[in-house]
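# Observations on chain architecture
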Amino acid sequence: MPRIIDGETALDHALTGLIAADPLIGELVEAGARPPLRLRDPGFAGLAGIIVAQQVSVASANAIWARVTARFDPLESLAFLAASDADLRACGLSLPKMRGLRAVALAIAEGHLPIEALGAMAPDEAIATLTAVKGIGPWTAEIYLLFCLGHPDIFPAGDLALQEAARLALALDERPREKALRAIAEERWQPFRGVAARVLWAYYRIARQGREGAPVLGADAT
């Protein structure tokens, strides 16, 4: 298993291994799709940031997140649970996001979601632990493992931007669905699937002429 992606050096090392396994990735990187690191802090704050960014524009997500982090400093589960509906609405959170974030905060506070232990778990176990909490779907769990824990081999195949990027990069006749894209990723990019996802998101941004390539299109409903 490649090392955890915890900085630029680790990302470069994994990217070198990925390009050796699939030269097409090297072509994408040469075309400008060298992926940014995009690390988030682990814990409730990191998970909350992923949930806030789901299914909204990047500008909206950034604005909401700025208000959330200004209201809660530091952003911790117990403080979030103590906030009123009015406090959370003032941050720009919708009712579904408020409910989802409270469910996550409660699960952490009550010990049902051992968020500090996720990094020591096998990926499948960590994803199962996360998705056992109402409000956390597979996409959210996979993104948390990728960007908060730095897992090098997680591939959120349900993400629509990844599916479209794969269609363009691999010159496929149609956008691959989740099952097909998982098979492609396993065959071509394991054990660097997480790095391949980062490259494809960067390539998607280029292919769509500057659209933001952050992974929001395939987010779980909240």
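Residues numbered from 1 in each chain as written. Predicted model: local features only at pLDDT ≥ 70, side-chain atom pairs only at ≥ 80, totals over all residues. Heavy atoms only, no water.

### Observations concerning the domain arrangement of the protein
So the rule is basically this: For every domain, the bounds stem from an assignment made automatically or drawn from a database. Contact between two residues is taken to exist if any of their heavy atoms lie within 4.5 Å; hydrogens are not considered. Accessible area that two parts lose when put together, with a 1.4 Å probe and added across both, is what the buried area reports. Whenever a carboxyl oxygen of Asp or Glu lies within 4 Å of a side-chain nitrogen of Lys or Arg, that contact is scored as a salt bridge. As used in this structure description, the phrase polar contact means that two N or O atoms lie within 3.5 Å; if the pair is within protein, one of them must be able to donate a hydrogen and the other to accept it, and residues adjacent in sequence are counted only when both atoms belong to side chains.
The domain boundaries assigned to the protein delineate domain 1 (8–38 + 153–208) and domain 2 (43–149). Between domain 1 and domain 2, the contact holds eleven residues from the first and eight residues from the second. Taking both partners together, domain 1 and domain 2 bury about 770 Å²; carbon and sulfur atoms supply 70% of that area. On the surface where domain 1 and domain 2 come into contact, there are one salt bridge. Its salt-bridge partner being Arg182, residue Glu142 comes within 2.9 Å of it at the nearest N-O pair. Counting across the interface, domain 1 meets domain 2 through three residue pairs in polar contact (both at pLDDT 80 or more).

### Quick word on helix H4 (residues 58–71)
Which entries qualify depends on this criterion: For helices the rule is a DSSP run of H or I covering at least 4 residues; for strands it is a run of E covering at least 2, with both sets numbered from the N terminus onward. An expected span of 1.5 Å times one less than the residue number is assigned to each helix. Accessibility here uses a 1.4 Å probe with only protein chains present; expressed as a share of the type maximum, an area under 20% marks a residue as buried, one over 50% as exposed, and anything in between as partly exposed. What the arc covers is the set of directions going from the helix axis to the C-beta atoms.
The terminal C-alpha atoms of H4 lie 20 Å apart, and with 14 residues this matches the ideal 20 Å at 1.5 Å per residue to within 8%. Listed as buried for H4 are Ala61, Ile64 and Val68. All buried residues of H4 lie within an arc of 75° about the axis, which places them on one face of the element. Facing away from the buried side of H4 by over 90 degrees, the exposed positions are Ala59, Asn62 and Ala70. Packing partners of the buried residues in H4 comprise helix H3 (44–53).

### Focus on the nonpolar core
Test applied: Buried residues of nine kinds, namely Ala, Val, Leu, Ile, Met, Phe, Trp, Tyr and Cys, make up a nonpolar core once their side-chain atoms join them within 4.5 Å.
Leu93 and Leu113 are the most contacted members of the largest nonpolar core, which totals 73 residues. Setting aside anything within four residues of it in sequence, one finds Leu113 in contact with Leu47, Val104, Ala107, Ile108, Thr129, Leu130, Val133 and Ile136.

### Focus on the layout of surface pockets
Our working rule: Only protein atoms enter the 1 Å grid used here, on which a cavity is any set of points holding a 1.4 Å probe that cannot leave and a pocket is any open set flanked by protein within 12 Å on both sides along at least five of seven lines; residues with an atom within 4 Å of a point are listed as lining. Grid points are joined across faces, edges and corners, and a volume is the space filled by probe spheres set on the points. The classification used treats Ala, Val, Leu, Ile, Met, Phe, Trp, Tyr, Cys and Pro as nonpolar, Asp, Glu, Lys and Arg as charged, and all other residues, Gly among them, as polar.
Within this model, the second largest pocket holds a volume of roughly 150 Å³. Among the secondary structure elements, those contributing two or more residues to the lining of the second largest pocket are helix H8 (123–131) and helix H11 (178–188). Split by residue class, the lining of the second largest pocket holds five nonpolar, no polar and six charged. Both of domain 1 (8–38 + 153–208) and domain 2 (43–149) provide at least three residues apiece to the lining of the second largest pocket.

### Here we look at the packing of H3 against helix H9 (residues 138–147)
Operational definition: Only the contacting stretch of a helix is used when fitting its axis, a line to C-alpha atoms as for every element, and angles between N-to-C directions run 0 to 180 degrees. Reported orientations rely on four angle classes, namely roughly parallel under 35 degrees, roughly antiparallel over 145, roughly perpendicular from 65 to 115, and oblique for the rest. Crossings are assigned a handedness: left-handed for a near helix turned anticlockwise from the far helix by less than a right angle, right-handed for a clockwise turn.
Their axes nearest at 10 Å, the elements H3 and H9 cross at an angle of 130°. Here H9 runs oblique to H3, going by the angle between their axes. Our pair here, H3 against H9, has a crossing hand that is right-handed. Residues Gly46, Leu47, Ile50 and Ile51 of H3 pack against Trp139, Thr140, Ile143 and Tyr144 of H9. For the contact of H3 with H9, a count of residues per class yields six nonpolar, two polar and no charged.

### Brief notes about the packing of helix H1 (residues 8–21) against helix H12 (residues 193–207)
Across the interface, H1 lies against H12 with an axial gap of 9 Å and an inter-helix angle of 90°. Between H1 and H12, the crossing angle belongs to the class labelled roughly perpendicular. Contact residues: H1 offers Leu11, Ala14, Leu15 and Leu18, while H12 offers Val195, Ala196, Arg198 and Val199.

### Describing the pattern of salt bridges
Scanning the model with the defined rule gives ten salt bridges in all. A salt bridge links Glu164 to Arg167, with the nearest nitrogen and oxygen atoms 2.7 Å apart. On the criterion of helical spacing, the pair formed by Glu164 and Arg167 is a turn pair, its members being three residues apart in helix H10 (residues 160–169). When salt bridges that share partners are traced, they join Glu8, Asp12 and Arg34 into one network.

### Things to note about a nonpolar patch on the surface
What counts, and what does not: In this scheme, patches are assembled from residues that exceed 30% relative accessible area and form no salt bridge. Like charges are connected within 9 Å, while nonpolar side chains (Val, Leu, Ile, Met, Phe, Trp, Tyr) are connected within 5 Å. Each accessible area is a Shrake-Rupley result for a 1.4 Å probe, and residues are judged covered by the shown protein chains and nothing else.
Taken together, the side chains of Leu78, Leu81 and Leu106 present a nonpolar region at the surface, about 260 Å² in accessible area. Considering the arrangement of structural elements, one finds Leu81 in helix H5 (residues 77–82). A residue is classified by how much of its surface remains accessible, and Leu81, at 30% relative accessible area, is partly exposed.

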